[in-house]
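Chain by chain, the residues:
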Amino acid sequence: MVPGGAPKHTPTPGYAGRGAQPQAVASARPVSPEVWNVHDANDEMPLHPETMAIIAGRPPHEPDQPMSVPVHLTSTYVAGGHVEYGRYGNPSWTAFEETLGALEGGHCVSFASGMAAIAAVFDLVEPGGTIVAPRHSYTGTVAALAEREEHGRAKAVFVDITDTAAVAEACADAAMVWFETPTNPALEVADIAAIVRAAHAHGAIVAVDNTFATPLLQRPLELGADVVVHSATKYISGHSDVLMGAAITASDELAAALVQRRSLYGAIPAPFEAFLALRGLRTLPVRLERAQATAQELVRRLDGHPALEEVRYPGFGAIVSIVVRGGAEGADALVGRTRLWVHATSLGGVESTFERRRRWPLEQPTIPEGLVRLSVGLEHVDDLHRDLVGALDSIA
Ligand code: PLP
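Here goes a summary of the coordinates provided. Quantities reported herein were computed from a predicted structural model and do not represent experimental measurements.

This part takes up the site of the ligand. Near the ligand lie 14 residues; those nearest to it are Ser113, Gly114, Met115, Ser231 and Thr233. Broken down by class, the residue content of the shell around the ligand amounts to three nonpolar, nine polar and two charged. Residue contributions to the shell around the ligand reach at least three from each of two domains, namely domain 1 (10-113 + 233-282) and domain 2 (123-209).

The first and last C-alpha atoms of helix 3 (residues 91-104) sit 20 Å apart over 14 residues, in line with the 20 Å expected at 1.5 Å per residue. Judged by how many residues are buried, helix 3 sits mostly within the fold: 14 of 14 residues are covered. Downstream of helix 3 by a residue or two, Gly105 has a phi angle that is positive, lying close to 90 degrees.

Right, let's talk about the nonpolar core for a bit. Ranked by size, the top nonpolar core spans 105 residues in total, and within it Ile131, Met176, Val177 and Ala247 carry the most contacts. Once residues within four sequence positions are removed from consideration, Met176 is found in contact with Leu124, Val125, Gly129, Ile131, Ala204, Ile205 and Ala207.

Axis separation between helix 11 (residues 284-302) and helix 13 (residues 381-395) bottoms out at 10 Å; the angle between their running directions is 40 degrees. With respect to helix 13, the element helix 11 is oriented oblique. Pair helix 11 / helix 13 crosses with right-handed handedness. Facing helix 11, whose interface residues are Thr294, Glu297, Leu298 and Arg301, helix 13 presents Val381, Leu384 and His385. Considered class by class, the residues forming the contact of helix 11 with helix 13 number three nonpolar, two polar and two charged.

Our focus in this paragraph is unusual backbone geometry. A cis amide bond links Thr181 with the next residue in sequence, Pro182, at an omega value of -5 degrees. Locating Pro182 in the fold gives a position in the loop between strand 4 (174-180) and helix 7 (192-201). Residue Asn184 is joined to Pro185 through a cis peptide bond whose omega torsion reads 0 degrees. Turning to its location among the elements, Pro185 is positioned in the loop between strand 4 and helix 7. Positive phi, close to 65 degrees, is recorded for Leu187, a residue that is not glycine. Among the structural elements, Leu187 can be located in the loop between strand 4 and helix 7. On the neighbour-count criterion, Leu187 (21 C-beta atoms within 10 Å) is buried.

Here we take up the sheet that holds strand 7 (residues 245-249). Here seven strands make up an open sheet; going across it, the order is 1-7-6-5-4-2-3 and the pairing mixed. Each having just a single partner strand, strand 1 (107-111) and strand 3 (155-159) make up the two edges of the open sheet. Averaged over all neighbouring strand pairs, the angle between strand axes comes to 20 degrees, with direction disregarded. Here strand 2 (residues 130-134) pairs with strand 3 via five bridges, running parallel. Residue pairing in the sheet places Pro134 in a bridge with Val159 of strand 3. With respect to the sheet, helix 5 (residues 139-150) is in contact with strand 2 and strand 3, its orientation differing from that of strand 3 by roughly 140 degrees.

The rules we used
Residues numbered from 1 in each chain as written. Predicted model: local features only at pLDDT ≥ 70, side-chain atom pairs only at ≥ 80, totals over all residues. Near = placed C-beta within 6 Å. Nonpolar A, V, L, I, M, F, W, Y, C, P; charged D, E, K, R; others polar. Domains from an automatic or database assignment. Helix = DSSP H or I, 4+ residues; strand = E, 2+ residues; numbered from the N terminus. Expected span 1.5 Å × (residues − 1). Buried ≥ 20, exposed ≤ 12 C-beta atoms within 10 Å, placed from the backbone. Core = buried A, V, L, I, M, F, W, Y, C linked by C-beta atoms within 7 Å. Contact = placed C-beta atoms within 7 Å. Axes fitted to C-alpha atoms, helices over the stretch in contact; angles between N-to-C directions. Parallel < 35°, antiparallel > 145°, perpendicular 65-115°, else oblique. Left-handed = near helix turned anticlockwise from the far one by under 90°. Pairing = 2+ DSSP bridges.

Rendered as structure tokens:
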């Protein structure tokens, strides 16, 4: 299942030693309080995720140490240490990885984008192996799976991820069960623990794309999943100015295999992007709390609007999908009628955005033509509501 020859894990040195990370496993770290934050962890005082988001991945509290790990712009390192080259490690990645790893509960391996992380996770499956995935997922992921199938590199089986019995049945021949929950953009929710049980009974790896929920709302590794994936481009970075991805696992073996893929194929994050992503991650708890509260209030206020067939919301998070009456034409009419809501793809930024998902030719035909995905940002709920309802009233 896992490619051989993965580098062995070596214990993590403190910040002063970060220039001397073991080659190609700089970020594959055990998650224990000593490593989450070598300086501040205290077994007797369990820390909340809000606190971990602030304290993890910092230099030690010693005179003249910087408060934040700086952007390390270097392509190479003085020979004789453990990093050697910029494709194998960078302290700016490491600081980000320590923090996201602490929040998800595993070794974090950062990548150039969410798709780069997803590709590395799919690569854990031996050629020809079966990957079970939701029929409704991010279009890029479905396209990546379809491309693998077309070239005989994998077999893809698409399922309704809310139908746990059907997923369990599909697991029989699977090497991996991969899913988003909630799904993009249908917002279906999967039973992670039940799917993990079914997949593991057949020896399949479980990988969960946690982009929509974030580790603040859902920690799949705690429910038994083997790997968690993020498009860190979204909530983790949170400001629509970074593309980055991450895969997190509690398994040393899987972490080493992922680092090996990244080191060999070079889908590495840039140091400045890693710095920005960590800067964003520090405020994820407050951003998400506010965005979620606004989303919940908007769902309440939008319910029954005459321009809408449906308001979909899984009960948590800050993504809402509305189905506009009149199909594609009805939904497209929203474009240009809002002042605050920006018509743009992507999600999870401080700015509220919307888009009709079927405008993408790769979007599944089972997604309604009139479905508009709303990414609720941090503007005031009354302003967002007035702006959106004004647009909806004008097309009702
Ligand atoms: N996973 C989900 C749920 C997404 O929505 C996206 C992008 O929209 C991705 C993965 C891909 O991430 P990236 O664009 O960072 O490659």
